[in-house]
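Overview (structure and organization)
The primary structure of each chain is shown beneath.
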Amino acid sequence: MQEKRRRRLERIAWELRGDIVAMVANAKSGHCGGPLGLAEVFSVLYFHSMRHDAKKPLWRERDRLYLSNGHVCAVLYAALARSGYFPPEELLSFRKLGSRLQGHPHRNERIGIETTAGMLGQGLSVSVGAALAARLDKSKRRVYCVASDGECQEGSTWEAAMAASNYNLSNLTLLIDYNNVQISGHVSEVMRLEPFAAKWKAFGWNVLEARGNDVESVAQAIEKAKLEKSRPTAIICRTTLGKGVSFMEDNPEWHGKPPDAEQARRALEEISERLEKL
Amino acid sequence: MKLNSKFTEKKATRDGLGDGLLELGRNPKVVVLCADLEESTKTKAFKQKHPKRFFEAGVAEMNLVGMAAGLALDGYIPFATTFAVFGTGLAYGTVRQSVAINKANVKLACTHAGVTVGEDGETHQMLEDVSLMTGLGITTVVPCDYLEAKRATIAAASWPGSLYLRFGREKTPIITDASTPFKIGEAEIFRDGSDIAIIANGIEVFQALEAAKILKTKGVSARVINCHTLPLDEKTVLKAARACGAIVTAEEHSIHGGLGSTVSRLLAEKAPTPTEFVGTRSFGESGTASQLMERHGLTAPYIARVAALAESRK
Ligand SMILES: Cc1ncc(C[n+]2csc(CCOP(=O)(O)OP(=O)(O)O)c2C)c(N)n1
Ligand SMILES: [Mg+2]
């Protein structure tokens with residue numbers, strides 16, 4: 001990746017972080033830990049890897065992103081706003097009455113929200129259906145699914161994993177937010193997923209690992225997935241929950257808690273310091 | 001009303017699903033999804049004719065419904081098929097979020113509804129599905145016989161939005177013919193009458209027609225309405241309530257949240273009318289279909305008795 005491009009993607013990721021903290025603080029509710037950890041993944045998807053056009057949201061050949069772990073939607077909304085799907089001011093309507101930016105995503109393709117999510121463990125199934133549709137259409141469009149480590153405890157995730165592999169859906173890429181955090185604590189202590197990569201391999205997937213907070217590592221993995229010819233690809237993105245806000249990092253308490261005014265000020269300060277250095 | 005008055009030929013409504021799908025095969029947007037039940041749900045013929053548009057989910061009903069939602073979001077018309085207890089019960093959360101809230105054009109077509117599943121017993125006899133699906137605002141169609149089941153399946157493909165289609169396992173009399181009107185959303189008066197109206201769906205429509213014959217011998221004139229769709233055709237129901245002054249509802253489903261509950265809510269709001277309910281009041285059990293119809297009070301003589309009760313409350 002060119003240095004210039006890498007720096008641009010990094011910059012966008014940190015801008016998304018600023019949006020996320022502002023949105024959740026303004027709403028006085030919602031999740032910022034997961035979204036902060038996913039900033040690089042969304043920067044790469046929306047500003048590098050995916051073929052899409054905010055001016056033509058219903059373009060049939062657009063790549064699709066189905067967000068399965070709906071609670072991290074702040075990062076999706078921020079990425080959509082910065083891509084031009086709706087004005088950035090609208091981000092402050094997040095979680096408010098009448099908003100298109102619901103507490104968990106409500107499908108609205110016109111602004112780039114491809115599916116409803118909130119009840120965990122469904123996005124991969126929907127993505128499998130969409131990947132089958134792309135194949136029936138003989139289309140080259142790709143289907144991306146973002147899911148969390150926590151929701152890999154849902155049986156339905158593995159039903160979908162089995163089907164994706166059974167149908168050799170090489171047009172499907174799953175990015176797993178492996179932050180090792182869920183509500184009750186660290187995933188490794190609540191309900192162990194390891195050996196995680198081996199599970200996906202055993203289900204017949206092409207498995208790649210990426211440093212999830214490194215734009216280059218994420219982008220490389222996504223490009224590699226595009227070369228795979230016969231299997232779906234799972235990219236295990238090792239991320240840090242709350243990345244970029246020192247007091248939130250890797251702390252399960254920040255799964256779903258809004259920062260108060262003082263905490264938000266400190267968080268935004270840390271984020272803008274980083275932005276200045278970029 | 002033009003009916004097939006002989007009632008001699010019997011066929012299961014699930015065969016109507018299979019034959020309807022076969023006819024729909026001409027539409028390249030129609031796809032069928034199955035959860036390891038292609039024989040029972042009668043989808044095998046479609047699979048053989050259109051293997052590329054048939055998707056096996058395996059024993060994985062949440063994924064069956066989720067995949068159907070994904071196909072629907074990209075413009076296909078998926079029929080997700082399985083038993084009613086799995087499609088609406090086990091996969092309820094997926095139907096709720098990925099189909100109903102998502103407004104995905106999924107046709108959830110489930111067989112083996114009701115006690116007439118028979119020997120397989122209570123775990124397989126789904127009696128709460130209509131309540132679950134209508135609670136989600138999903139239009140629900142319960143065809144009265146094989147032919148109507150086939151026509152409902154064909155009509156479902158062009159219905160704008162998700163649908164729940166409910167079919168049975170057991171062979172039941174064919175009571176309609178090609179000239180019987182059928183339109184999703186419109187109830188039909190299958191027999192006119194003025195003393196009491198029996199509002200039924202599914203296989204209870206046949207039982208209601210038989211009950212009307214019994215009532216006639218007692219000098220009671222019963223109107224029989226085939227109310228195959230929920231939400232209700234309110235006009236037809238209110239007209240019957242006002243003309244007859246007493247109502248019986250009949251369904252092979254729990255009395256909680258199905259046809260009877262829906263009718264009585266409408267009547268309570270707009271035309272309070274003495275109403276009695278024929279439907280199940282407990283889980284099923286093993287037995288033959290007809291034994292279970294008897295045990296759960298779903299047969300014509302029982303409907304006639306309950307009708308007399310409603311009439312006496314006028
Ligand atoms: C089916 C379902 N069960 C439970 C929940 C409640 N819930 C929301 S987030 C969450 C934790 C999931 O872990 P993960 O997605 O890894 O959390 P994060 O890393 O974003 O903190 C739970 C249990 C839910 N939304 N859906
Ligand atoms: Mg997690």
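Every value quoted in this text rests on a predicted model; they were computed, and no experiment measured them.

1. So, helix α5 (residues 123–136) of chain A
All names here are of chain A. With 14 residues, α5 ought to run about 20 Å at 1.5 Å a step, and its terminal C-alpha atoms sit 20 Å apart, in line with that. Along α5, the positions that sit buried rather than exposed are G123, L124, S125, V126, S127, V128, G129, A130, A131, L132, A133 and A134. Trailing α5 by a residue or two, K138 shows a phi angle of about 55°, which is positive.

2. Points about the interface of chain A and chain B
At the interface, 28 residues of chain A touch 26 residues of chain B. Carbon and sulfur atoms supply 53% of the area that chain A and chain B bury against each other, a total of about 2,200 Å² over both sides. It is Q122, L136 and E159 of chain A in chain A that bury the most area against chain B; as a group they hold 25% of the surface buried on that side. Where chain A packs against chain B, one counts 2 salt bridges. In this structure, D74 of chain B and R141 of chain A form a salt bridge, with 3.8 Å as the shortest nitrogen-oxygen distance. Here chain A and chain B share 15 residue pairs in polar contact (both at pLDDT 80 or more) between them. Those elements that provide at least two residues to the side of chain A that touches chain B are β1 (64–67), α5 and α6 (155–166) of chain A. Here the side of chain A that touches chain B gets 8 residues from one element, more than from any other, and that element is α5 of chain A. Considering only residue class, the side of chain A that touches chain B consists of 12 nonpolar, 8 polar and 8 charged.

3. Comments concerning the side chain of T233 of chain A
Mapped onto the elements, T233 of chain A comes out in strand β7 (residues 233–238). For T233 of chain A, a relative accessible area of 0% puts it in the buried group.

4. Describing the sheet that holds strand β6 (residues 206–211) of chain A
All names here are of chain A. Overall, parallel pairing links the 5 strands, which are arranged β1-β2-β3-β7-β6 in an open sheet. In the strand order of this sheet, the two ends are held by β1 and β6, each with one partner. Ignoring which end each strand starts from, the neighbouring axes of this sheet average 20° apart. Two strands pair when backbone bridges link them, and β1 and strand β2 (residues 143–148) are joined in this way by 4 bridges, in the parallel orientation. In the sheet register, L65 faces β2, and the bridge partner there is Y144.

5. Thoughts on the site of ligand 1
Residues and elements named next belong to chain A. Near ligand 1, the surroundings consist of 15 residues, among which H71, S148, D149, N179 and H255 are the closest. In this structure, L120 approaches ligand 1 through a main-chain N or O atom, which is 3.0 Å from a nitrogen atom. At 3.0 Å from an oxygen atom of ligand 1 is found a main-chain nitrogen or oxygen belonging to G150. In the complex, 76% of the free accessible area of ligand 1, which totals 590 Å², lies under the protein chains.

6. Notes on the pattern of salt bridges
In a structure, side chains of opposite charge can pair up when their charged atoms sit close to one another. Inspection of the entire model under this criterion finds 37 salt bridges over all chains. The salt bridge involving D137 of chain A is made with R60 of chain A; its shortest N-O contact spans 2.6 Å. Residue D137 of chain A is located in the loop between α5 and β2, and its partner R60 of chain A is located in the loop between α3 (39–49) and β1; the two are separated by 77 residues in the primary sequence. In this structure D137 of chain A comes out as partly exposed when scored by relative accessible area, which is 23%. Of the residues examined, R60 of chain A reaches a relative accessible area of 35% and is grouped as partly exposed. R265 of chain B is the partner of E269 of chain B in a salt bridge, and the nearest nitrogen-oxygen pair spans 3.2 Å. Placement of the pair is E269 of chain B and R265 of chain B together in helix α10 (residues 259–270), with a separation of 4 residues, close to one helical turn. Classification of E269 of chain B as exposed rests on a relative accessible area of 55%. The exposure class assigned to R265 of chain B is partly exposed, which follows from its relative accessible area of 43%.

7. Details of the coordination of the magnesium ion (ligand 2)
Residues and elements named next belong to chain A. Coordination of the magnesium ion (ligand 2) by the protein comes from D149 (OD), N179 (OD1) and V181 (O), over a distance range of 2.1 to 2.2 Å. Within one chain, the residues donating to the magnesium ion (ligand 2) are spaced in sequence as D-x29-N-x1-V. Judged by relative accessible area, N179 falls into the buried class, the value being 7%. Take V181: its relative accessible area is 6%, and that puts it in the buried class.

8. A word on the domain arrangement of chain B
Residue and element names in this part refer to chain B. As far as domains go, chain B holds domain 1 (10–173) and domain 2 (188–312). A C-alpha centroid distance of 25 Å is found between domain 1 and domain 2. Listed by partner, the interface residues are 28 residues for domain 1 and 30 residues for domain 2. Summed over both sides, the interface between domain 1 and domain 2 buries roughly 2,100 Å², with carbon and sulfur atoms accounting for 60% of that surface. For domain 1, the biggest contributors to the area lost against domain 2 are V115, L127 and C144; these three give 25% of the whole. Between the two partners, domain 1 and domain 2, sit 0 salt bridges. Secondary-structure elements contributing two or more residues to the side of domain 1 that touches domain 2 are α6 (129–135), β6 (139–141) and β8 (171–173). The biggest single contributor to the side of domain 1 that touches domain 2 is α6, with 4 residues. The class makeup of the residues in the side of domain 1 that touches domain 2 is 10 nonpolar, 10 polar and 8 charged.

Basis of the calculations
- Positions within a chain are numbered from 1, following the residues in the order the chain's sequence is written.
- Written order determines the labels here, with chains lettered from A and ligands numbered from 1.
- In view of the model being predicted, local features appear only for residues whose pLDDT reaches at least 70, and side-chain atom pairs are presented and counted only at 80 or more, with totals across whole chains, interfaces and linings using the full set of residues.
- Note: side-chain values were computed over all heavy atoms of the structure, leaving out hydrogens and water.
- Strands here are runs of E lasting at least two residues and helices are runs of H or I lasting at least four, both read from the DSSP assignment and numbered beginning at the N terminus.
- To estimate how far a helix should reach, multiply one less than its number of residues by 1.5 Å.
- Only protein chains enter the area calculation, which uses a 1.4 Å probe; residues under 20% of their type maximum are buried, those over 50% are exposed, and those in between are partly exposed.
- Contacts were defined at the residue level, with two residues in contact if any of their heavy atoms lie within 4.5 Å.
- Reported buried area values correspond to the accessible surface (1.4 Å probe) lost by two parts on association, with both partners' losses combined.
- A side-chain nitrogen of Lys or Arg and a carboxyl oxygen of Asp or Glu constitute a salt bridge if their distance falls within 4 Å.
- Pairs of N or O atoms within 3.5 Å make up the polar contacts considered here, provided that, within protein, one atom can donate a hydrogen while the other can accept it, and that residues adjacent in sequence are counted only when both atoms are side-chain atoms.
- Ten residues, namely Ala, Val, Leu, Ile, Met, Phe, Trp, Tyr, Cys and Pro, are considered nonpolar, four, namely Asp, Glu, Lys and Arg, are considered charged, and the remaining ones, Gly among them, are considered polar.
- By this definition, two strands are paired if DSSP reports at least two bridges between them.
- Angles run from 0 to 180 degrees between N-to-C directions of axes, and those axes are lines fitted to C-alpha atoms, restricted for helices to the stretch in contact.
- Residues are labelled near a given molecule or strand when at least one of their non-hydrogen atoms is within 4 Å of it.
- Areas reported as accessible are Shrake-Rupley estimates using a 1.4 Å probe. Residue values count occlusion only from the protein chains shown.
- Metal coordination here is assigned from N, O and S atoms located within 2.8 Å of the ion, or within 3.2 Å for Na, K and Ca; omission of water means that sites may look incomplete.
- An automatic or database domain assignment supplies the start and end points of every domain.

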